[in-house]
Amino acid sequence: MSISRCCLRTIELAAKRVLMQTWYNEKNARTYSDRDFLHLMKAVIETTHLLLRPWQEEDLDQLVRLLARPEVARYIRLDGQTFTREESAEVHARVLRSWNEQRLGPWAVIDKTTGSWIGKLGLMYQEDWPGPDKFEVDYELDPAFWGRGLATEGTQAALRYGFVNRSLPRIIGATVPENVASRRVMEKCGLTYQGELRFRNARIVWYALDASTWWTLAHEQR
Ligand SMILES: CC(C)(COP(=O)(O)OP(=O)(O)OC[C@H]1O[C@@H](n2cnc3c(N)ncnc32)[C@H](O)[C@@H]1OP(=O)(O)O)[C@@H](O)C(=O)NCCC(=O)NCCS
């Protein structure tokens with residue numbers, strides 16, 4: 001095994017160990033059934049540069065740091081403020097609920113080269129979305145890692161997981177019109193513009209990708 005493959009394997013095992021520890025620590029409370037735990041283990045995804053692992057309790061502090069950065073919060077909070085610890089804890093709780101109830105949600109993003117935690121990315125269940133397809137692409141990365149194609153790489157893997165492993169019929173994306181980077185990531189991942197609407201008191205643009213289109217694109221790219 002080469003050194004880089006060996007490092008990679010170590011990081012992957014470390015990520016899986018975090019999942020393991022959480023499970024063992026909470027075993028008495030039985031937060032996860034054995035079946036759910038196996039499902040989470042199977043949901044660890046490796047891409048060229050990233051390791052995506054299902055969101056865990058341990059991710060709260062990193063999320064608090066991420067959402068306290070003005071450039072990250074800029075288009076998420078419409079009042080231009082950064083997130084307080086309590087507000088980030090609410091986001092964190094919603095992400096955990098998405099995994100617990102839907103068995104799918106945003107992953108914690110790990111940079112494979114350094115093993116660093118660099119953000120949150122995946123498919124978030126938006127129960128109040130005004131349409132039948134409620135899984136939305138979702139991403140916030142550490143600005144030090146922007147502009148390298150990582151959100152696109154991770155989102156492509158998340159879409160694949162949603163269509164192949166979960167047979168979702170359609171995945172949506174939404175953002176405020178000014179969030180050019182987010183819109184560009186959606187477009188690069190094959191989501192197409194659907195229009196504007198008001199959602200949670202904000203004017204947003206929304207995008208969507210159907211499973212059939214995704215399968216066609218995936219077939220063509222082989
Ligand atoms: C959105 C976000 C995850 C993108 O991450 P990223 O890893 O930099 O994304 P990628 O590198 O895969 O792609 C970004 C694309 O947007 C483009 N882009 C970024 N800023 C841009 C700008 N101001 N104007 C035009 N294009 C821009 C990049 O050039 C790139 O497109 P290209 O590959 O065609 O050149 C990151 O900017 C982020 O975390 N933003 C803060 C949180 C956020 O707004 N999340 C979305 C909520 S809906």
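This text follows the structure it describes.
Residues numbered from 1 in each chain as written. Predicted model: local features only at pLDDT ≥ 70, side-chain atom pairs only at ≥ 80, totals over all residues.

Asker: Report on the overall build of the protein chain, specifying residues and quantitative values.
Answerer: Counting its regular elements, the protein chain contains eight helices and eight strands. For the protein chain, the residues scored as buried account for 32% of the 222 residues in total. Restricting to contacts in the protein chain with at least 6 residues of sequence separation, those with at least 24 account for 59%. (Helix = DSSP H or I, 4+ residues; strand = E, 2+ residues; numbered from the N terminus. Buried ≥ 20, exposed ≤ 12 C-beta atoms within 10 Å, placed from the backbone. Contact = placed C-beta atoms within 7 Å.)

Asker: Lay out unusual backbone geometry in plain terms, naming residues and giving numbers.
Answerer: Its identity as a non-glycine residue notwithstanding, Arg103 has a phi of 60 degrees, on the positive side. Not every positive phi belongs to a glycine, and Arg200 is a case in point at roughly 45 degrees. Note on placement: Arg200 falls in the loop between strand E7 (192-199) and strand E8 (202-210).

Asker: Hey, could you go over the site of the ligand for me, with residue numbers and the actual values?
Answerer: Neighbouring residues of the ligand: 20 residues in total, closest Trp146, Ala151, Thr152, Ala181 and Arg184. Those elements that place two or more of their residues in the shell around the ligand are strand E5 (135-141), helix H6 (150-165) and helix H7 (180-188). A per-element tally of the shell around the ligand places H7 first, with five residues. (Near = placed C-beta within 6 Å.)

Asker: Please provide a residue-by-residue account of the environment of Trp206, values included.
Answerer: Locating Trp206 in the fold gives a position in strand E8. Trp206 gets classed as buried once you count the C-beta atoms within 10 Å, which come to 20. Along the chain, Trp206 and Val176 lie 30 residues apart, while their C-alpha atoms are 8.7 Å from each other. Those residues in contact with Trp206 that sit more than four places away from it in its chain are Ile172, Gly173, Ala174, Gln194, Gly195 and Leu197.

Asker: How would you sum up helix H5 (residues 85-102)? Please name residues and give values.
Answerer: Look at H5: 25 Å from first C-alpha to last across 18 residues, which is about the 26 Å you get at 1.5 Å a residue. Buried within H5 we find Ser88, Val91, His92, Val95, Ser98 and Trp99. In a view along the axis of H5, the buried residues occupy a sector of 115 degrees, so they form one face of it. What points out from H5, more than 90 degrees from its buried face, is the exposed set Glu86, Glu90, Ala93 and Glu101. Buried-residue contacts for H5 involve strand E2 (50-54), helix H3 (60-67), strand E3 (106-111) and strand E4 (117-125). The positive-phi residue at the C-terminal boundary of H5 is Arg103, with phi of around 60 degrees. (Expected span 1.5 Å × (residues − 1). Arc of directions from axis to C-beta.)

Asker: Break down the environment of Glu140 for me, with residues and values.
Answerer: Tracing the backbone through its elements, the reader meets Glu140 in strand E5. Along the primary structure Glu140 and Gly119 are separated by 21 residues, whereas in three dimensions their C-alpha atoms are 5.7 Å apart.

Asker: An account of the environment of Leu50 is requested, with residue identities and associated values reported.
Answerer: Topologically, Leu50 is positioned in strand E2. Through-space distance from the C-alpha of Leu50 to that of Ile118 is 9.5 Å; in sequence the pair is 68 residues apart.

Asker: Describe the nonpolar core, with residues and values.
Answerer: By size, the foremost hydrophobic cluster in this structure holds 45 residues, and its most contacted members are Leu52, Val109, Leu121, Leu123, Leu141, Leu159 and Ile171. Residues in contact with Leu121, not counting those within four places in the same chain, are Leu52, Pro106, Trp107, Val109, Asp138, Tyr139, Leu141, Ala151, Gly154, Thr155 and Ala158. (Core = buried A, V, L, I, M, F, W, Y, C linked by C-beta atoms within 7 Å.)

Asker: Tell me about the packing of H3 against H5, residues and numbers included.
Answerer: Following both chains from N to C, one finds H3 and H5 inclined at 125 degrees, their axes separated by 9 Å at the closest point. As the angle between them shows, H3 and H5 are arranged oblique. In terms of crossing hand, the pair formed by H3 and H5 is right-handed. Here Leu60, Leu63, Val64 and Leu67 of H3 lie close against H5, whose contacting residues are Arg85, Ser88, Ala89, Val91 and His92. Its residues placed into classes, the contact of H3 with H5 shows six nonpolar, two polar and one charged. (Axes fitted to C-alpha atoms, helices over the stretch in contact; angles between N-to-C directions. Parallel < 35°, antiparallel > 145°, perpendicular 65-115°, else oblique. Left-handed = near helix turned anticlockwise from the far one by under 90°. Nonpolar A, V, L, I, M, F, W, Y, C, P; charged D, E, K, R; others polar.)

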